[in-house]
Amino acid sequence: MASPRRTAAQLSIPHLREALHSLESKMATLLSERDRLEARLEQAVRLQSPVQRVPNDLLSTIFTIAVLDGEEEDSITLSNFMLVCQYWREVAVNTPMLWTRIAMGTHRSVDRALLKLDRSRTAPLHISLDFSPRMEHGTVSTESIITAMDLMRPAIWRWKTFHLTVPSRPQAHVALTRCKEQAPLLEVVSIHVAHSMQEDHYSTPPLPLFERYTPRLRSTSFTSFNFNWDPALLNNLRVLKLGGYWNGFSPSVDVILTTLRGCPQLEELVLRNMSDVDPESCASLISDSSEQDDYALARVSDTRTIHLPRLRRVSFYYSGNLRTRTVFSLLSFPALESIELCYLDNVSPILESLRRQSLTVLPLRHLRIESCFLNELRFARLLPRLPALNSLELVDVEDVTPNLMRNFATPPVSQTWVCPKLTTLSLEGCTAIDWETLRSIVESRLPPHSHAFPRQAAQQGALVRPAVSISSASASSSRPVVSSSSSSASAFAATAHILSHQPSAPVLLSSSHAMGRPVRLESIDLTRCQQISKEMVQWLRMYVSDVKCEAVKSLWGEPSLS
């Protein structure tokens with residue numbers, strides 16, 4: 001039998017406390033071991049996930065597509081990738097392509113640019129130095145521009161694209177004096193001087209740029225930067241954009257033609273904001289003998305036709321009427337798809353050049369004429385030659401009359417439709433267009449069968465009109481109307497007598513005629529067309545999905561029509 005004193009000694013307080021402490025230590029050890037086993041189990045399960053088994057190079061490609069797919073770098077997506085886990089961060093840091101777009105400017109971090117420059121390693125770089133003179137940025141110092149150029153200068157051999165925007169021409173010249181090394185990878189160069197109208201003494205360019213060694217150069221854009229028209233920067237181009245050259249700095253016709261002859265694979269040509277060629281400085285003027293008009297062309301040293309088989313887009317914006325007319329008359333462009341003629345006075349000779357080109361092939365899809373004069377007859381002769389045209393923009397053109405626009409309505413039986421693929425029509429500022437002409441264009445291009453009208457039910461029959469007059473639809477009780485908004489607009493239209501005339505000619509529902517019908521208009525721009533009332537716009541919106549016009553303010557000053 002145990003002694004009572006020995007039992008009491010074994011149950012003493014220190015002994016019990018020591019036993020509890022020992023148990024707690026064992027429990028802590030077991031819990032720690034359990035946590036380690038759970039972490040290893042979680043890691044093992046995670047490694048079985050398909051995402052975790054993606055190879056590094058494939059994951060890098062996914063990151064590159066997600067971050068650099070757009071025109072600008074998606075820095076937020078890149079940051080989110082790096083916050084997922086340590087493995088993804090290491091993959092992103094070791095992917096040089098993710099760090100190739102370097103942007104510097106007034107409010108850009110220099111440390112960020114240096115970090116990208118280091119992580120990009122030997123990958124081709126996309127450099128953008130934007131020091132545009134904005135009011136919120138204040139004055140742009142020349143020292144900051146020089147600092148940015150000095151940081152990027154050691155990597156010129158890796159430049160793939162280079163964009164420079166500075167306030168003045170002297171700052172552009174100071175910055176470009178750093179570009180003395182060869183650029184074997186350079187493909188795109190853009191130099192933009194914001195204050196193009198300033199007068200300064202920097203007429204001598206900092207040549208030679210890149211030691212005239214840019215074998216891959218395919219796109220150049222110069223705005224008010226004088227480079228003495230160095231042919232090394234204007235040779236074998238795909239894209240050529242020139243603008244902001246005034247007075248003595250504007251290029252001559254011979255310079256433009258020589259440049260175009262050196263770019264047989266040119267795809268896009270843009271000339272903007274240039275002083276016109278002085279007619280008195282030309283040796284002589286020759287008239288276009290094929291027409292009765294006295295349009296003059298500047299004499300050039302080489303009158304051979306320049307064949308540009310890949311030219312698809314041309315834009316002339318205040319580029320000088322004489323210069324543009326002379327250059328365009330010597331071009332051959334069988335693949336032209338888009339042309340913009342803005343602020344060029346009389347564009348009739350250019351329209352005639354387009355017509356001559358259309359006699360062979362001219363897949364023109366977009367035509368924009370803004371603030372120009374034109375010969376109505378010449379334009380009417382050109383339109384039937386543009387079967388692929390789907391966008392026509394006539395902005396502030398006073399010569400656009402109802403007689404001209406009636407060509408887009410139902411043609412005579414012996415003629416074909418004019419521009420049958422036209423879906424976008426802009427008549428902004430064309431106040432000579434009347435409602436009857438506009439209505440006839442919209443009605444005649446509506447589909448001939450009832451299933452094509454989303455808001456109107458038409459009678460079925462062998463003889464169906466190209467469009468149903470709203471006034472007749474509201475007056476006849478035998479024609480059911482589906483939409484209440486359509487019936488209300490019809491009633492008002494009948495009261496206002498704006499749709500009282502029927503379509504000019506019926507259309508037979510024959511298979512041969514249906515194949516030759518034009519497509520439906522999808523967009524009409526009637527901004528600043530004060531002759532078009534609010535009720536007329538409401539009727540147009542029943543048949544055209546997008547109708548743009550000026551907002552009409554309500555009694556309380558809020559826009560009620562947009």
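Computed from a prediction, not measured in an experiment: that's the story for all the values here. (Residues numbered from 1 in each chain as written. Predicted model: local features only at pLDDT ≥ 70, side-chain atom pairs only at ≥ 80, totals over all residues. Heavy atoms only, no water.)

1. Description of the side chain of Ser 132
Looking at where Ser 132 falls in the secondary structure, it is placed in the loop between β2 (125-130) and α7 (142-152). A polar contact of 3.1 Å, which involves the side chain of Ser 132, links it to the side chain of Asp 130. (Helix = DSSP H or I, 4+ residues; strand = E, 2+ residues; numbered from the N terminus. Polar contact = N/O pair within 3.5 Å; in protein donor to acceptor, adjacent residues only side chain to side chain.)

2. A word on unusual backbone geometry
Notably, Glu 211 is not glycine yet its phi reads approximately 55°, a positive angle. Inspection of the secondary structure assignment puts Glu 211 in the loop between β4 (188-193) and β5 (219-223). A residue is classified by how much of its surface remains accessible, and Glu 211, at 44% relative accessible area, is partly exposed. Its identity as a non-glycine residue notwithstanding, Asp 345 has a phi of 60°, on the positive side. With respect to the helices and strands, the residue Asp 345 is situated in strand β13 (residues 338-346). Of the residues examined, Asp 345 reaches a relative accessible area of 48% and is grouped as partly exposed. (Buried < 20%, exposed > 50% of the residue type's maximum accessible area, 1.4 Å probe, protein only.)

3. Some thoughts on the nonpolar core
Formed by 116 residues in total, the largest nonpolar core has its most connected members in Trp 159, Phe 222, Phe 225, Ile 339, Ile 369, Phe 379 and Leu 394. By size, the runner-up hydrophobic cluster in this structure holds 13 residues, among which are Phe 63, Val 67, Ala 92 and Trp 99. (Core = buried A, V, L, I, M, F, W, Y, C linked by side-chain atoms within 4.5 Å.)

4. Topic: the packing of aromatic side chains
Each pair of aromatic rings is reported with the distance of its centres and the angle of its planes. Counted according to the given criterion, the structure contains 16 aromatic pairs. Both rings, one in Trp 159 and one in Phe 210, keep their centres 6.3 Å apart while their planes meet at 75°; by these two values the pair is edge-to-face. Here Phe 210 lies in the loop between β4 and β5 and Trp 159 lies in strand β3 (residues 159-166), a separation of 51 residues in the sequence. Here the two residues Trp 159 and Phe 210 agree in accessibility, since each one is buried. (Phe/Tyr/Trp six-rings, centres within 6.5 Å; stacked < 30°, edge-to-face > 60°.)

5. A closer look at the packing of helix α3 (residues 56-68) against helix α4 (residues 75-82)
Contact geometry of α3 with α4 gives a least axis separation of 8 Å together with a crossing angle of 150°. Considering their axes alone, α3 and α4 lie roughly antiparallel with respect to each other. By crossing handedness, the relation of α3 to α4 is classed as right-handed. The segment α3 lies against α4, with Phe 63, Ala 66 and Val 67 engaging Thr 77, Leu 78 and Phe 81. Counted by class, the contact of α3 with α4 contains 5 nonpolar, 1 polar and no charged residues. (Axes fitted to C-alpha atoms, helices over the stretch in contact; angles between N-to-C directions. Parallel < 35°, antiparallel > 145°, perpendicular 65-115°, else oblique. Left-handed = near helix turned anticlockwise from the far one by under 90°. Contact = heavy atoms within 4.5 Å. Nonpolar A, V, L, I, M, F, W, Y, C, P; charged D, E, K, R; others polar.)

6. As for the pattern of salt bridges
Enumeration according to the criterion identifies 20 salt bridges in this entry. In this structure, Asp 396 and Arg 528 form a salt bridge, with 2.8 Å as the shortest nitrogen-oxygen distance. Taken together, the residues span a long stretch of sequence, with Asp 396 in the loop between β15 (391-395) and α13 (402-405) and Arg 528 in the loop between β19 (523-525) and α18 (534-540) at a distance of 132 residues. Here Asp 396 falls in the partly exposed class, since its relative accessible area comes to 27%. Look at the salt bridges and you will find they share partners, linking Lys 241, Glu 268, Arg 313 and Glu 340 into a network. (Salt bridge = Lys/Arg side-chain N within 4 Å of Asp/Glu carboxyl O.)

7. Thoughts on the pairing of strand β14 (residues 366-373)
Here β14 lies mainly inside the structure; 6 of its 8 residues are buried. Pairing of β13 with β14, which is carried by 7 bridges, proceeds in the parallel orientation. By the bridge assignment, Ser 338 is partnered in β14 with His 366. Of the crossover connections in this fold, the one passing from β13 over helix α11 (residues 348-358) to the parallel β14 is right-handed. By the bridge criterion, 5 bridges tie β14 to β15 in an arrangement that is parallel. Counted as the bridge partner of Glu 370 is Val 395 from β15. Taken together, β14, helix α12 (residues 376-382) and β15 constitute a β-α-β crossover, and its handedness is right-handed. (Pairing = 2+ DSSP bridges. Right-handed = clockwise from strand over helix to strand, strands pointing away.)

8. Considerations on the state of the cysteines
As enumerated under the stated definition, the model contains 0 disulfides in all. Note on Cys 549: no disulfide assigned, nearest cysteine sulfur contributed by Cys 529 at a separation of 9.6 Å. What makes Cys 549 buried here is its relative accessible area of 16%. (Disulfide = S-S within 2.5 Å.)

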